[in-house]
Amino acid sequence: MPTVVSRPSTTARTGSSSTAATAPVADGDAVTSSADLVRVAARLGIEADRLAEVCPADARELSKALFVRLRAAEEGSAEYSYVRGTLIELNMALVKFAANRFTPRKEPIEDIVQVGTIGLIKAVNRFDPSFEVEFSTFALPTIRGEIKRFFRDTGWMVHVPRRLQELRLTLAKTSDAMEQLLDRVPAPAELAAELDLTEDEVREGLIASQAQSASSLDAPALGADGADGGDPLADRVAQEEGAYELRLCLETLKPAIAALPERDRTILSLRFGAELTQGEIGRRLGISQMHVSRLLNRILAGLRAELLADA
């Protein structure tokens, strides 16, 4: 895409800004190439070279002229696409300005700029010179809103309700202000009194704030002095789950038990489900206790073989 640079500072501006803003593009002029853009810039007293180097004042004047041309062009035409793309490139400084407010975030600045560019594109699509406001005034809220929406939707490792996200921001601001006054971190009860909330609501907001970011369990845990504690956090918080192996065995045996004959499944159910003795099972099924014992041994041996085979 062609680019434009501001004229040297020694070059005098000809005519008033209002005249330049309204008379750079004549009726019937089409802006579909770099030569056309150079012609428009020349009428404004701007030398064509690189858009990225246009000073803010020249960018505003050239944008006014191009927005007039954009609204006159047919949407979808070559001229419309060219002018629209030039306007986006010409006003990228607005995106970078808005993105700099969010640099303390953990997201890369390149991602923030990319999201902000979406907001700039939306602003270019919606802006009309008849609004009688500067494009920067119109575009910046849209760009910032797009960036904030990005953080709201993707910036939390665990999704929490919007209410708690807003409560977290309120608690953070209030806590910082009270810490300056008290020279210590305020207690939940003090925050609750200051914000006219219950202590449970404050604690809920403080817990929700922990969901915004997460650390790897394999990362070294921090010691009391903030230095690496050595052992991974997983080694400190992990617990042996005693029922895990049992549950795994039960899940593995399910298809093997389902494949047993009905009488074998009944014997297993009576013995290990109803916890009947072998004698009680025999009387219920009309067989001897010894026969029940042999059947149980055979059934369990088969299941054991199935279990060991899967292992």
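For the structure, see preceding data.
A quick note: this is a predicted structure, and the numbers were derived from the prediction, not measured.

About the criteria used
Residues numbered from 1 in each chain as written. Predicted model: local features only at pLDDT ≥ 70, side-chain atom pairs only at ≥ 80, totals over all residues. Heavy atoms only, no water. Helix = DSSP H or I, 4+ residues; strand = E, 2+ residues; numbered from the N terminus. Buried < 20%, exposed > 50% of the residue type's maximum accessible area, 1.4 Å probe, protein only. Areas by Shrake-Rupley, 256 points an atom, 1.4 Å probe, with all protein chains shown as cover. Axes fitted to C-alpha atoms, helices over the stretch in contact; angles between N-to-C directions. Parallel < 35°, antiparallel > 145°, perpendicular 65-115°, else oblique. Contact = heavy atoms within 4.5 Å. Nonpolar A, V, L, I, M, F, W, Y, C, P; charged D, E, K, R; others polar. Salt bridge = Lys/Arg side-chain N within 4 Å of Asp/Glu carboxyl O. Expected span 1.5 Å × (residues − 1).

Peer 1: Would you take a moment to explain the overall build of the protein chain for this structure?
Peer 2: Secondary structure assignment for the protein chain yields 15 helices and two strands. For the protein chain, with 311 residues in total, the buried portion stands at 32%. When the accessible surface of the protein chain is split by element, carbon and sulfur atoms take 53% of a total near 19200 Å².

Peer 1: Help me understand the packing of helix 8 (residues 162-182) against helix 9 (residues 188-195), please; the structure alone is not making it clear to me.
Peer 2: Helix-helix packing is characterised by the crossing angle of the two axes and by the distance between the axes. The contact between helix 8 and helix 9 brings their axes to 11 Å, and the two run at 110 degrees. Here helix 9 runs roughly perpendicular to helix 8, going by the angle between their axes. Residues Thr-170, Leu-171, Thr-174, Ser-175, Met-178 and Leu-182 of helix 8 form the contact with helix 9, whose own contacting residues are Glu-190, Leu-191, Glu-194 and Leu-195. A per-class count over the contact of helix 8 with helix 9 returns five nonpolar, three polar and two charged.

Peer 1: Could you clarify how one ought to interpret the pattern of salt bridges in this entry?
Peer 2: Opposite charge on two side chains permits them to pair, given that their charged atoms come into close proximity. Evaluated as defined, the whole model comprises 12 salt bridges. For Glu-134, the salt bridge identified is with Lys-64, shortest N-O distance 3.7 Å. You can see Glu-134 sitting in the loop between helix 6 (109-126) and helix 7 (135-154) and its partner Lys-64 sitting in helix 3 (residues 56-72), a full 70 residues away along the chain.

Peer 1: Any chance you could explain unusual backbone geometry here in plain terms?
Peer 2: For residues besides glycine, phi is generally negative; the peptide bonds are generally trans as well. Of note in this structure, Glu-132 is not a glycine but carries a positive phi near 60 degrees. With respect to the element layout, Glu-132 can be found in the loop between helix 6 and helix 7. When its relative accessible area of 73% is taken as the criterion, Glu-132 is described as exposed. Look at Glu-275: it is not a glycine, yet its phi comes out positive at around 55 degrees. Among the structural elements, Glu-275 can be located in the loop between helix 13 (262-273) and helix 14 (278-285).

Peer 1: Sorry if this is basic, but what is going on with helix 8 here?
Peer 2: Owing to its 3.6 residues per turn, the α-helix aligns residues three or four sequence positions apart on the same side. Given a rise of 1.5 Å per residue, 21 residues ought to cover 30 Å, and the 30 Å separating the end C-alpha atoms of helix 8 matches this to within 8%. All buried positions along helix 8 are accounted for by Leu-164, Gln-165, Leu-167, Arg-168, Leu-171, Thr-174, Ser-175 and Met-178. Downstream of helix 8 by one or two residues, Asp-183 has phi in the positive range, about 60 degrees.

Peer 1: How should the packing of helix 8 against helix 10 (residues 199-209) be read in this particular structure?
Peer 2: With their axes 8 Å apart at the nearest point, helix 8 and helix 10 run at an angle of 95 degrees to one another. In terms of orientation, helix 8 lies roughly perpendicular with respect to helix 10. In contact with Arg-163, Leu-164, Leu-167, Arg-168 and Leu-171 of helix 8, helix 10 contributes Glu-201, Val-202, Glu-204, Gly-205, Leu-206, Ala-208 and Ser-209. Here the residues of the contact of helix 8 with helix 10 sort into six nonpolar, two polar and four charged.

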